[in-house]
Every structure is written in structure tokens, then in C-alpha cells.
Amino acid sequence: MLTDLTNPAACNCLALRQAARHVTQFYDHFLAPSGLRTTQYSILARLRRRGAMTINALAAELVMDRTTLGRNILPLQRDGLIAVGPGKSDRRSKELRLTDTGTARFRAALKAWREAQARFETAFGAKRAKELRGLLHEVATNERTATVAAAS
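In this text the structure is predicted, and so the values were computed from the model without any measurement. (Residues numbered from 1 in each chain as written. Predicted model: local features only at pLDDT ≥ 70, side-chain atom pairs only at ≥ 80, totals over all residues. Heavy atoms only, no water.)

**Here's the deal with the layout of surface pockets**
Okay, step 1: Quantified by volume, the largest pocket comes out at close to 2,300 Å³.
Okay, step 2: If you trace the largest pocket, you find 46 residues lining it, with Ala20, Leu62, Leu136, His137 and Ala140 closest to the centre.
Okay, step 3: Looking at the lining of the largest pocket, the elements with two or more residues in it are helix 1 (12-31), helix 2 (38-50), helix 5 (100-124), helix 6 (126-140) and helix 7 (143-151).
Okay, step 4: Its residues assigned to classes, the lining of the largest pocket shows 26 nonpolar, 12 polar and 8 charged. (1 Å grid on protein atoms, 1.4 Å probe; cavity = no way out; pocket = protein on both sides within 12 Å on 5 of 7 lines; lining within 4 Å. Points joined across faces, edges and corners; volume = space filled by probe spheres on them. Helix = DSSP H or I, 4+ residues; strand = E, 2+ residues; numbered from the N terminus. Nonpolar A, V, L, I, M, F, W, Y, C, P; charged D, E, K, R; others polar.)

Now the structure itself:
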């Protein structure tokens, strides 16, 4: 059943974007003392978990275009939190790695992130938050909507 297409409040995209902005602001508030924003924290967290990655691979994992990722890594590189160098398998590609300074900053921000996570789960319930993450992961990895977006 199709929702009312004339009602902006029924727009899935708008609802997701508004929720994403709200949650991002919420997490940014907690991360502010660490000097990191949510996107920067996510980059450091992914590099910490996965190790060195090419810019293209990291962009794909974060569901972010390469240009946007490039803008987000500049301050991390400037502050010495990440290092950018040639790829190991393909010297033409750029590979990102977490520095010791980046690891220390990530660890300092982790406590704030955990506090934001706990407060979010208190507000919405741990079970609902887990279900929400599952649904959002499904949305982010859905091949049918990814194909439509890529074909446009």
C-alpha cells in the first residue's frame, strides 16, 4: 500500500534525514570534549577495527562518497590522527591508517560515545534501539534501493 504522496510527513527520506540529523547532533554533543565529530569518530572507529584501508574501501563501508570522505579526513590528517600513504597492494591507491595519536584520541572519545549510546538506549529502550539498528542496516544494505540509486 502506497502512502499519501502529497503529504511530506509521509516521506521516508525526510523522516530518515531528520532523525539522522537529530541523532548526529545528540552524539556530537557527547563527543565535543574529545574534539571529534560523529563522522570523524566513525572513521577512527572503523580504522581501529579493520586496520589500514584504502579511501575507496572506507567510503564504501561508511556508505559515503569518496569526496565527502576526503573532506572528513583532512582535519584528521592535519591533527595527526590518521596517516595517508600509498596502498600496499596498489601503490597508486591511497591508504588510511590510524596513528598512535589517533588511537589515543579514539580511546578518549570512546567513553563519551558509550555515554551517548547508553542515554539513547535509556530514552528508547535497548530492545527497540537494537531493532532500529537492524532495520537501518537492512535499509543501508538493500540491493534494490542501491541499484536504483546507482542507475540514476
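**Overview of helix 2**
Okay, step 1: With 13 residues, helix 2 should cover 18 Å at 1.5 Å per step; its first-to-last C-alpha distance of 18 Å lies within 8% of that length.
Okay, step 2: Thr38, Gln40, Tyr41, Ile43, Leu44, Ala45, Arg46 and Leu47 are the residues of helix 2 that are buried.
Okay, step 3: Note on helix 2: the residue one or two positions beyond its end, Gly51, has a positive phi of about 85°. (Expected span 1.5 Å × (residues − 1). Buried < 20%, exposed > 50% of the residue type's maximum accessible area, 1.4 Å probe, protein only.)

**Looking at the pattern of salt bridges**
When the charged atoms of two side chains with opposite charge come close together, those side chains can pair.
Okay, step 1: Taken as a whole, this structure holds 7 salt bridges when the rule is applied.
Okay, step 2: When the shortest N-O distance is used, the salt bridge between Arg37 and Asp28 registers 3.1 Å.
Okay, step 3: For Arg50, the salt bridge is made with Glu61, and the minimal N-O distance between the two is 1.7 Å. Here Arg50 is found in helix 2, whereas its partner Glu61 is found in helix 3 (residues 55-61), with 11 residues between them in sequence.
Okay, step 4: Residue classification places Arg50 among the partly exposed positions, given a relative accessible area of 49%.
Okay, step 5: Each of the salt bridges in this network shares a partner with another, and the network as a whole consists of Arg46, Arg50 and Glu61. (Salt bridge = Lys/Arg side-chain N within 4 Å of Asp/Glu carboxyl O.)

**Observations concerning unusual backbone geometry**
Okay, step 1: Unusually for a residue other than glycine, Val63 sits at a positive phi of about 50°.
Okay, step 2: Along the chain, Val63 falls in the loop between helix 3 and helix 4 (66-78).

**Section: the packing of aromatic side chains**
Okay, step 1: Within this structure, the stated rule accounts for 5 aromatic pairs.
Okay, step 2: Measuring from centroid to centroid gives 4.8 Å for Phe120 and Phe124, while their planes differ by 40°, and the two rings are tilted. Taken as a pair, Phe120 and Phe124 lie in helix 5 at a separation of 4 residues, close to a single helical turn.
Okay, step 3: For Phe120, a relative accessible area of 15% corresponds to the buried category. (Phe/Tyr/Trp six-rings, centres within 6.5 Å; stacked < 30°, edge-to-face > 60°.)

Shape descriptors only; they carry no functional weight alone.
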